Amino acid sequence: MLEVLNHPLITHKLTQMRKQETGTKDFRENLDEIAELMAYEVCRDLPVNPVDIVTPVAPTVGYELAREVVIVPILRAGIGLLDGIRRLVPTAKVGFIGLYRDEKTLEPHEYFAKFPKNLDEAVVMVVDPMLATGGSAVAALDMIKKRGAKNIKLVCLVGVPEGVKAVQKAHPDVDIYLAAMDDHLNENGYIVPGLGDAGDRIFGTK
Ligand code: PRP
Ligand code: URA
């Protein structure tokens, strides 16, 4: 399943992020706000359990989330989506995957992994602003599946058809959510038109 969340608020904020003159503070704030808006849509099908409760007026049946949610940002840039999603799902646990993309080969390299227990029973959201070749997302999904994750959503800001195809081929069971589907990758593996290097723009490292 691929869902591109075309929403005027998301598109407006993403447009601010794309502009080359947007500085670190505004880039980060817009990403944080988009993450919250995306989380609302991504959580639409979370399973719920009925619970008997008593309001000040009467007994009734309410519904509570049936599964733990685990958010797994891919370092570094995925961190930019974490707080916005956690505002909507404050009980979510958080795992981390450290990957960097070799600038020449574009191959992902793992440098860190830390997860909460019971990934097999949770809804796991792997989050990263950029889905370019798809190499990092495929590697991250491999890593969490090895630890038992079964119910997985990949949440990215900007993707391209190449990256989506790579993930769908390697992990056809994973639902993919994007804020925008861009046109193509350039010769350096950057998304066009994209927004540049997400990690550098979030953390001000260039
Ligand atoms: C970026 C981005 C993704 C990856 C996408 O991270 O945040 O993780 O590239 O590219 P791919 O789909 O071709 O694998 P990068 O490796 O630049 O690391 P950073 O987040 O530390 O900047
Ligand atoms: N990673 C980024 O940060 N930006 C791109 O355009 C591609 C990969």
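As shown above, the structure is provided for reference.
Because the structure is predicted, anything quoted here is derived from the model rather than measured.

**Q** Outline the layout of surface pockets, listing residues and values.
**A** Estimated volume of the largest pocket: approximately 700 Å³. Every residue lining the largest pocket is counted, 30 residues in all, and those nearest its centre are Y100, R101, Y190, D197 and G199. When contributions to the lining of the largest pocket are tallied by element, the ones reaching two or more residues are β4 (69-75), β6 (96-101), β8 (123-131), α4 (135-146) and α6 (198-203). Residue composition of the lining of the largest pocket, by class: 14 nonpolar, eight polar and eight charged.

**Q** I'd love a proper account of the site of ligand 2, names of residues and values included.
**A** Around ligand 2 sit R101, M130, A132, G189, Y190, I191, G196, D197 and A198, and those are all the residues in its vicinity. Contacts to ligand 2 include G196, whose backbone N or O atom sits 2.8 Å from a nitrogen atom. The fraction of the free accessible surface of ligand 2 (240 Å²) that becomes covered by protein chains is 89%. More than half of the atoms of ligand 2 fall within 2 Å of the grid points belonging to the largest pocket. Looking at the shell around ligand 2, its residues break down into five nonpolar, two polar and two charged.

**Q** Go over the site of ligand 1 with me, naming the residues and quoting the values.
**A** Taken together, 15 residues lie around ligand 1, and R101, D128, T133, G134 and S136 are the ones closest in. R101 is positioned such that a nitrogen or oxygen atom in its backbone is 2.7 Å from an oxygen atom of ligand 1. At 2.9 Å from an oxygen atom of ligand 1 is found a main-chain nitrogen or oxygen belonging to A132. Starting from 500 Å² of accessible surface for ligand 1 in isolation, the protein chains cover 91%. Looking at the shell around ligand 1, the elements that each hand over two or more residues are β6, β8 and α4. Ranked by residues supplied to the shell around ligand 1, first place goes to β8 with three residues. Looking at the shell around ligand 1 residue by residue, the classes come out as six nonpolar, five polar and four charged.

**Q** Now, about the nonpolar core: what can you tell me, with residues and values included?
**A** Formed by 38 residues in total, the largest nonpolar core has its most connected members in L14, M17, M38, I85, L157 and L195. Broken down by secondary-structure element, the contributors of at least two residues to this core are α1 (8-18), α2 (24-42), β4, α3 (79-88), β8, β9 (151-159), β10 (175-181) and α6. Looking at which element gives the most residues to this core, the answer is α2, with seven residues. Residue contacts for L195: discarding those within four places in its chain leaves L14, M17, R18, F27, M130, L157, V158 and R201. Judged by nonpolar contacts, the second largest core, of 27 residues, contains F115, A122, A139 and V167.

Criteria and cut-off values
Residues numbered from 1 in each chain as written. Chains lettered and ligands numbered in written order. Predicted model: local features only at pLDDT ≥ 70, side-chain atom pairs only at ≥ 80, totals over all residues. Heavy atoms only, no water. 1 Å grid on protein atoms, 1.4 Å probe; cavity = no way out; pocket = protein on both sides within 12 Å on 5 of 7 lines; lining within 4 Å. Points joined across faces, edges and corners; volume = space filled by probe spheres on them. Helix = DSSP H or I, 4+ residues; strand = E, 2+ residues; numbered from the N terminus. Nonpolar A, V, L, I, M, F, W, Y, C, P; charged D, E, K, R; others polar. Near = heavy atom within 4 Å. Polar contact = N/O pair within 3.5 Å; in protein donor to acceptor, adjacent residues only side chain to side chain. Areas by Shrake-Rupley, 256 points an atom, 1.4 Å probe, with all protein chains shown as cover. Sits in = over half its atoms within 2 Å of the grid points. Core = buried A, V, L, I, M, F, W, Y, C linked by side-chain atoms within 4.5 Å. Buried < 20%, exposed > 50% of the residue type's maximum accessible area, 1.4 Å probe, protein only. Contact = heavy atoms within 4.5 Å.

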